[in-house]
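# Inside the fold
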Amino acid sequence: MPEKDFNARNTDQQERVVAIDRVTKVVKGGKNMRFRAAVVVGDLKGNVGFGVSKSIEVPKAIRKAIEAAKKAQIRVKFLGTTIPHDIEGKYEASRVILKPARKGTGVIAGGAVRAVLELAGIKDVVAKSKGSSSPVNAARATIYALRSLLDQKTVESLRGVKISIYNTSERAVNYGDKIYANTGKGE
């Protein structure tokens, strides 16, 4: 069996740098300066990951964050070009609410939330960020929300209603059900 080269670049993966920050650690002899990079990696086909890393140099921090994001990839469940149901993700003080949208709506989101949704391959979704505006926390809240999505059959069995794929003339059945993705931090 041929050996797998884990350092080879996967050509269908795309990367997007969400944030680069200068951070300092105060020590007895002064301050240690480093750079923190936050990166989203996805293949536009349902796999998406988020990674954060620090280093003395910016390119090295970005490279390490890309590797962390590739290791932390999740699989996203779709319903056509959108998500199957409303979902809310929480991480620390950030809350992200994702709602399915009709075909052709596009990704209505901003910042880190938009980067995660686009690289996951979701084409039609409406998102709202509340609480902390930190790009790292917003991206993590989005990842937790996407991880908690249920597939179409599970949603249909829970609601007792048949859900059709979204088209331009009708919206899928929505009774206001909310599913919370909570990390256990904060509340």
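Cut-off values and rules
- Residues numbered from 1 in each chain as written.
- Predicted model: local features only at pLDDT ≥ 70, side-chain atom pairs only at ≥ 80, totals over all residues.
- Heavy atoms only, no water.
- Phe/Tyr/Trp six-rings, centres within 6.5 Å; stacked < 30°, edge-to-face > 60°.
- Helix = DSSP H or I, 4+ residues; strand = E, 2+ residues; numbered from the N terminus.
- Buried < 20%, exposed > 50% of the residue type's maximum accessible area, 1.4 Å probe, protein only.
- Pairing = 2+ DSSP bridges.
- Expected span 1.5 Å × (residues − 1).
- Axes fitted to C-alpha atoms, helices over the stretch in contact; angles between N-to-C directions.
- Left-handed = near helix turned anticlockwise from the far one by under 90°.
- Contact = heavy atoms within 4.5 Å.
- Nonpolar A, V, L, I, M, F, W, Y, C, P; charged D, E, K, R; others polar.

### Section: the packing of aromatic side chains
- Counted by the stated rule, this structure contains 1 aromatic pair.
- Measuring from ring centre to ring centre gives 5.8 Å for Tyr 91 and Tyr 144, while their planes differ by 20°; the resulting arrangement is stacked. One end of the pair, Tyr 91, is in strand S5 (residues 87–91); the other, Tyr 144, is in helix H3 (residues 135–147), with 53 residues separating them in the sequence.
- Since its relative accessible area comes to 7%, Tyr 91 is described here as buried.
- For Tyr 144, a relative accessible area of 24% translates into the label partly exposed.

### Some details on the sheet that holds strand S1 (residues 14–27)
- Read from one edge to the other, the open sheet built from 4 strands follows the order S1-S2-S3-S4, with strand pairing classed as antiparallel. Strand pairing shows two members of the sheet lacking a second neighbour, S1 and strand S4 (74–75), which therefore form its edges.
- The pairing of strand S2 (residues 30–42) with strand S3 (residues 47–55) spans 8 bridges and is antiparallel. Its bridge partner lying in S3, Ala 38 is registered against Val 52.

### Digging into H3
- Taking 1.5 Å as the rise per residue, H3 with 13 residues should run 18 Å; its terminal C-alpha atoms sit 18 Å apart, in good agreement.
- Taken together, the buried positions of H3 are Val 136, Asn 137, Ala 138, Ala 139, Ala 141, Thr 142, Ile 143, Ala 145 and Leu 146.

### Thoughts on the packing of helix H2 (residues 111–120) against H3
- H3 packs onto H2 with a crossing angle of 40° between their chain directions and a minimal axis gap of 8 Å. H3 is crossed by H2, and the crossing has right-handed handedness. Residues Ala 112, Val 113, Val 116 and Leu 117 of H2 pack against Pro 135, Ala 138, Ala 139, Thr 142, Ile 143 and Leu 146 of H3.
- Among the residues forming the contact of H2 with H3, the class breakdown is 9 nonpolar, 1 polar and no charged.

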